[in-house]
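Spelled out from the first residue to the last, the chains are:
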Amino acid sequence: MVIFSYYIFDRHTECIYSKSWVAPPADGSAPPPLSAPPAGPTSAAADRRSMNKATDDAKLIFGTVFSLRNMVRKLGGDDDAFISYRTAQYKLHFYETASNLRFVMLTDTSTPSMRNVLHQIYINLWVEYVVKNPLAPIEHKGGVGVKNELFELGLDQFVRGLM
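Residues numbered from 1 in each chain as written. Predicted model: local features only at pLDDT ≥ 70, side-chain atom pairs only at ≥ 80, totals over all residues. Heavy atoms only, no water.

An unreviewed UniProt entry lists the protein chain under the name Trafficking protein particle complex subunit, with Podospora appendiculata given as the organism. Of the comments in the UniProt record for the protein chain, the one headed Subunit (unreviewed entry) reads "Part of the multisubunit transport protein particle (TRAPP) complex." The record in UniProt for the protein chain states the following under Sequence similarities (unreviewed entry): "Belongs to the TRAPP small subunits family. BET5 subfamily." (UniProt positions renumbered as here; feature names shortened; annotations may be inferred.)

Honestly, the overall build of the protein chain in this entry has me stumped. Any pointers?
When you go through the protein chain residue by residue, the secondary structure sums to three helices and five strands. The helix and strand sequence of the protein chain, counted from the amino end, reads β-β-α-β-β-β-α-α. In the protein chain, buried positions account for 33% of the 163 residues. Roughly 10000 Å² of accessible area belongs to the protein chain as shown, and the carbon and sulfur atoms make up 56% of that amount. (Helix = DSSP H or I, 4+ residues; strand = E, 2+ residues; numbered from the N terminus. Buried < 20%, exposed > 50% of the residue type's maximum accessible area, 1.4 Å probe, protein only. Areas by Shrake-Rupley, 256 points an atom, 1.4 Å probe, with all protein chains shown as cover.)

Would you explain the nonpolar core in this entry?
Looking at soluble globular proteins, one finds that nonpolar side chains tend to be buried together. If you look at the biggest cluster of nonpolar residues, it comprises 23 residues, and the most contacted ones within it are Tyr6, Ile8, Phe103, Met105, Trp126, Phe151 and Leu155. Element by element, the count of residues in this core is highest for helix H2 (residues 115–131), at eight residues. With residues near it in sequence (within four places) discarded, Leu155 still touches Tyr6, Tyr17, Trp21, Ile121 and Leu125. Among the nonpolar cores identified, the runner-up in size contains 13 residues, and Phe62, Val65, Phe82 and Phe94 belong to it. (Core = buried A, V, L, I, M, F, W, Y, C linked by side-chain atoms within 4.5 Å. Contact = heavy atoms within 4.5 Å.)

Teacher, can you tell me more about the packing of aromatic side chains here?
Aromatic ring pairs are defined here through the distance separating the ring centres and the angle between the ring planes. The final tally for this structure, using the stated rule, is 14 aromatic pairs. Between the aromatic rings of Trp126 and Phe151, the centroid separation amounts to 5.6 Å while the plane-to-plane angle is 85 degrees, which identifies the pairing as edge-to-face. Of this pair, Trp126 sits in helix H2 while Phe151 sits in helix H3 (residues 149–162), and the two are 25 residues apart along the sequence. There is no split in this pair, since Trp126 and Phe151 are both buried. The rings of Tyr6, Tyr17, Tyr95, Phe103, Tyr122, Trp126 and Phe151 are connected pair by pair, giving a single aromatic cluster. (Phe/Tyr/Trp six-rings, centres within 6.5 Å; stacked < 30°, edge-to-face > 60°.)

I tried to follow the pairing of strand S4 (residues 91–96) on my own but got confused; where do I start?
Successive residues of a regular strand alternate their side chains across the two faces of the sheet. Counting buried positions along S4 gives six out of six residues, so the element sits mostly inside the fold. With burial as the criterion, each face of S4 is covered, one bearing Lys91, His93 and Tyr95 and the other bearing Leu92, Phe94 and Glu96. Sheet topology places strand S3 (residues 84–86) next to S4; three bridges connect them, and they run antiparallel. When the bridges of S4 are listed, Tyr85 appears paired with Leu92. With antiparallel pairing between neighbouring strands as the criterion, S3 and S4 make up a hairpin whose turn holds four residues. Pairing of S4 with strand S5 (residues 102–107) involves six bridges; the strand directions are antiparallel. Paired with His93 across the bridge in S5 is Met105. (Pairing = 2+ DSSP bridges.)

Below, the structure is given as structure tokens:
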């Protein structure tokens, strides 16, 4: 099982957390290893481009999830739920909480449903390290994301245990 990336969107449609482990392959082959950006004067421009690409990727993923979720509700009624979809290169898994937090995970196509895994991340990591943290903001307005070291370490260990 290969996990490419993980996103959390709040109820205001902002991406408040994203993490990538490996990049999805463009041609179906094994993904290249992640490397550090080159040092020097061009690294600031490269950092800005990679930040814009990450923001654009998050917007595209949310737009896809939003559209597919609405289509599933219109075609199947309110009882049906959007759980995942698959393309030739990746599979997107989706979990939505009662407070409209949306958890999205991109994996390889052979991965079974990760709905229970996303639920476990919400219960065991998000609630424990972010919601119960008195120093964490309740709302993440203006693109301010989650900056919680315990959550990030716990998520990384949990996901690497799945791989």
